[in-house]
Amino acid sequence: MNQKLKVIVFLLVIAVLSFMMAGCTKGDSIQENHGTLPSEAESEKRQNHVENDIEENGFTLPTNEEKKVAQKNEMIAFFQQHQEEMEQFAFHMKAMENQDPEHTYLFAVKESALYRFDGVHIKAQEKITEHPILSEAAFFGHDESFDWVAWSSNWFEREACTFVGEVYDEHGRLYAELFLFYSEEKPVTNEYQPVESLDGNWYFYVEYRE
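Worth saying up front: this structure is predicted, and the values here are computed from it rather than measured.

Tracing the chain through its elements places Asp 100 in the loop between α3 (63-99) and β1 (103-108). On the basis of relative accessibility, which here comes to 17%, the residue Asp 100 falls in the buried class. In terms of polar contacts, Asp 100 uses its side chain to reach the side chain of Tyr 105, at 2.7 Å.

This paragraph deals with the packing of aromatic side chains. For the coordinates displayed, the defined rule picks out 25 aromatic pairs. Between Phe 89 and Phe 139, the aromatic rings sit 6.0 Å apart at their centres with planes inclined by 75°, giving edge-to-face as the arrangement. A residue pair is termed long-range when its members are at least 10 positions apart, and Phe 89 in helix α3 and Phe 139 in the loop between α4 (132-136) and β4 (148-155) qualify at 50 residues. In terms of burial, Phe 89 and Phe 139 fall into one category: buried. Chaining the aromatic ring pairs together yields one cluster made of Phe 78, Phe 79, Phe 89, Phe 91, Phe 107, Phe 139, Phe 140, Phe 146, Phe 163, Tyr 182 and Trp 202.

Here the focus is the pairing of β4. Looking along a regular strand, one sees side chains alternate from face to face of the sheet. With respect to burial, β4 is a largely interior element, six of its eight residues being buried. By the bridge criterion, three bridges tie β1 to β4 in an arrangement that is antiparallel. Within β4, the residue paired with Ala 108 across the bridge is Trp 148. Of the pairings in the sheet, the one linking β4 to strand β5 (residues 158-168) comprises six bridges and is antiparallel in character. When the sheet's bridge partners are listed, Trp 155 is paired in β5 with Arg 158. In this structure, the hairpin formed by β4 and β5 is closed by a connection of two residues, where Phe 156 is found at a positive phi of approximately 55°.

So, how was this worked out
- Residues numbered from 1 in each chain as written.
- Predicted model: local features only at pLDDT ≥ 70, side-chain atom pairs only at ≥ 80, totals over all residues.
- Heavy atoms only, no water.
- Helix = DSSP H or I, 4+ residues; strand = E, 2+ residues; numbered from the N terminus.
- Buried < 20%, exposed > 50% of the residue type's maximum accessible area, 1.4 Å probe, protein only.
- Polar contact = N/O pair within 3.5 Å; in protein donor to acceptor, adjacent residues only side chain to side chain.
- Phe/Tyr/Trp six-rings, centres within 6.5 Å; stacked < 30°, edge-to-face > 60°.
- Pairing = 2+ DSSP bridges.

If you want it as structure tokens, here you go:
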């Protein structure tokens, strides 16, 4: 399977899993990760998320932004405490993809389950509840800030392991996805993609979904 086809398959797989898990709770769902470059209009829309909700008598962050900021802080605090474990986990996710290039793997953090997808049939082949990598994921404990982890071969034009947290609004709609990701090469971005550099080869990125 060539590189371009693998990227298309990866996106379709995540979309299918999102649909299949729609009946789960907010925290257990895995949403689609496009990883595409936002347009200028999308960038302006992001800014309006804050500006349109600013109260007339102050500069209070909107509820959704408060949730996003709080969850981002939780994710980064967890990362600072578990950077070594997260890095090892990223390497093992990469190893699984390299050893089995015909499949895509996603780890659902709150379920402590590994999903494997067949790139040919574009469907979930199995929910793996017994696998060596699951014991290595024990460092997540009862953390609620992360939802899923996946290795991508084309994240900002680089190979990267993404640790994702999902933020929902008061109506249960996905408001934003928070990507704390590991990449051995600096991600390729543009002015509309503010990527925050963390320690070493780690980065943070926010993508709004509404």
